[in-house]
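# A closer look at the structure
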Amino acid sequence: MTTAKCVARVLALTVALGALAGSVQAQDADSRWVPFLGCWEPVDVEEGAGLLCFSEMDGGVQMTNVASADIVSREFMVADGQPRAVTVDDCDAWESVTFSEDGHRAFTRSEFVCGDEPARSGTGVMTFTGANRWAAVRSLTVDGEVETVAWVQVYRQATLEALTEQGMMDQGLGRDMT
């Protein structure tokens, strides 16, 4: 498996760490996720790239990646710093999430093993860059090597047009999300 394929898989997993909607009850959810709730579309990517949607779930969020009106992936995230097992394609992995002290940034750490390929470890941050915009910044190191691959993806709040194209409605806008 090429590094580019692994980067694509890790990016898909990151994007799949996807999407939040609705109100948060203090005892059941982590209020630090509230700004992420709803659906987001990537900025500066090809048409039809899909949406990343966040919804509250069991003290964390479920991130759902939707493309071509199909759910591509779902990922459960809890910002407690504990590693959580995830699987993408043939890759076994773990990922952990913590928030900054001020609650404005979510930090991720991960490690992926894809078949007999060298292990890949990643770090990242999710942070708001303005009203209705946030960025995911990630880096990937292969088998502890010095060479690291890094990328940034900016998201904006999904438009009604983007939601309609994906066959869904955004709970953050007061409509059902499928």
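Reading the values: rules and limits
Residues numbered from 1 in each chain as written. Predicted model: local features only at pLDDT ≥ 70, side-chain atom pairs only at ≥ 80, totals over all residues. Heavy atoms only, no water. Helix = DSSP H or I, 4+ residues; strand = E, 2+ residues; numbered from the N terminus. Buried < 20%, exposed > 50% of the residue type's maximum accessible area, 1.4 Å probe, protein only. Contact = heavy atoms within 4.5 Å. Pairing = 2+ DSSP bridges. Phe/Tyr/Trp six-rings, centres within 6.5 Å; stacked < 30°, edge-to-face > 60°.

## A word on the overall build of the protein
For the protein, the count of helices and strands is two helices and 10 strands. Mapped from its N terminus to its C terminus, the protein presents α and β elements in the order α-β-β-β-β-β-β-β-β-β-β-α. Counting only residues that meet the buried cut, the protein has 46% of its 178 residues in that class. Partitioning the contacts of the protein with sequence separation of at least 6, the portion at a separation of at least 24 is 43%.

## Some words on the pairing of strand β8 (residues 120–130)
For a regular strand, the rule is simple: side chains alternate between the two faces of the sheet. With eight bridges joining them, strand β7 (residues 105–114) and β8 adopt antiparallel strand pairing. Each bridged residue has a counterpart across the sheet, and for T108 the counterpart in β8 is G124. Connecting the antiparallel pair β7 and β8 is a turn made up of five residues, with G115 showing a positive phi of about 60 degrees.

## Observations concerning the packing of aromatic side chains
Taken as a whole, this structure holds nine aromatic pairs when the rule is applied. Taking the centre distance of 5.7 Å and the plane angle of 70 degrees together, the rings of W40 and F128 count as edge-to-face. Taken together, the residues span a long stretch of sequence, with W40 in strand β1 (residues 38–42) and F128 in strand β8 at a distance of 88 residues. When its relative accessible area of 3% is taken as the criterion, W40 is described as buried. Ring geometry for W40 and W134: centres 6.3 Å apart, planes at 85 degrees, overall edge-to-face.

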